[in-house]
Amino acid sequence: LTSTFIAYPLFVTLIVTAGDLFQVMYGEQWTAAVLPFQILCAAGMLKTLNAYASTATQARGWIWGEVWRQIVYLSLVAAGAAIGSIWGLPGAAAGVLGAAVVMTVLMHSLLRRATSLSWWDIFRPQLPALACGAGLIVCLITVGYGVRMVLRHGHVPSLVLMAQGTAALVF
């Protein structure tokens, strides 16, 4: 679960800074990819959470219970992306996120059956990572807003990113 303490803040930082990050790295023409990227970052947070559930159920010898869940997940990713693509890239990304939500429920239900863990036992260790992520959101938004206010005459994405990156590291 320690991995979520690293992954959640990282994904939160990518979600909050995605607009400026894409402008700096790829240029204005890639701004349409920002929202799908942010949605996929949220899915990445769930995949991080699922990794430990997978390890624990495999350690208990419940590999076949996970195998069918992986098949369901793969099917849901394909169907979700295909159906979601009707609404473009954000829709396809939302389909992947939906599949990740279902997989999270399936894997943690399996984890509960394979062990004596309660839902609270599973998610209580996530609280520090979630609190850190929430604090980081406030920090990044505040710093981004402050830098934009100082640069009233123009938005300089690289300066905003540098300030936010520094603030995130300090945080």
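Preceding block: the structure.
Figured I'd write up the structure that's included with this text. These numbers come from a predicted model, not from an experiment.

## Considerations on the side chain of H108
- Residue position: H108 is located in helix α4 (residues 88–114).
- The residues touching H108, leaving out its near neighbours within four places in the chain, are L49, N50, Y52, A53, W119, I122 and F123.

## Considering the nonpolar core
- The biggest cluster of nonpolar side chains holds 19 residues, and the ones touching the most others in it are Y8, F11, M45, Y52, L111 and L136.
- Looking at this core, the elements with two or more residues in it are α1 (2–25), α2 (34–59), α4 and α6 (127–150).
- Per-element tally for this core: the top contributor is α2, with five residues.
- Every residue in contact with L111, bar those within four places of it in the chain, is listed here: Y52, A53, A56, T57, L117 and I122.

## Some thoughts on the environment of W119
- Position of W119 relative to the elements: it lies in helix α5 (residues 119–123).
- What makes W119 partly exposed here is its relative accessible area of 36%.
- Those residues in contact with W119, other than ones at most four positions away along the chain, are V105, H108, S109 and R112.

## So, the state of the cysteines
- Within the structure shown, the criterion is met by zero disulfides.
- The thiol of C41 is unpaired, and the distance to the nearest cysteine sulfur, on C132, comes to 16 Å.
- Using a relative accessible area of 4% as the deciding quantity, one classes C41 as buried.
- The thiol sulfur of C132 is not disulfide-bonded, and the nearest other cysteine sulfur, from C139, lies at 9.9 Å.

## Regarding the pattern of salt bridges
- Counted according to the given criterion, the structure contains two salt bridges.
- Across the pair D121 and R124 runs a salt bridge, and its minimum N-O distance is 3.9 Å.

## A short note on the environment of A59
- One can find A59 in helix α2.
- Residue class for A59 comes out exposed when judged on its relative accessible area of 68%.

Cut-offs and rules
Residues numbered from 1 in each chain as written. Predicted model: local features only at pLDDT ≥ 70, side-chain atom pairs only at ≥ 80, totals over all residues. Heavy atoms only, no water. Helix = DSSP H or I, 4+ residues; strand = E, 2+ residues; numbered from the N terminus. Contact = heavy atoms within 4.5 Å. Core = buried A, V, L, I, M, F, W, Y, C linked by side-chain atoms within 4.5 Å. Buried < 20%, exposed > 50% of the residue type's maximum accessible area, 1.4 Å probe, protein only. Disulfide = S-S within 2.5 Å. Salt bridge = Lys/Arg side-chain N within 4 Å of Asp/Glu carboxyl O.

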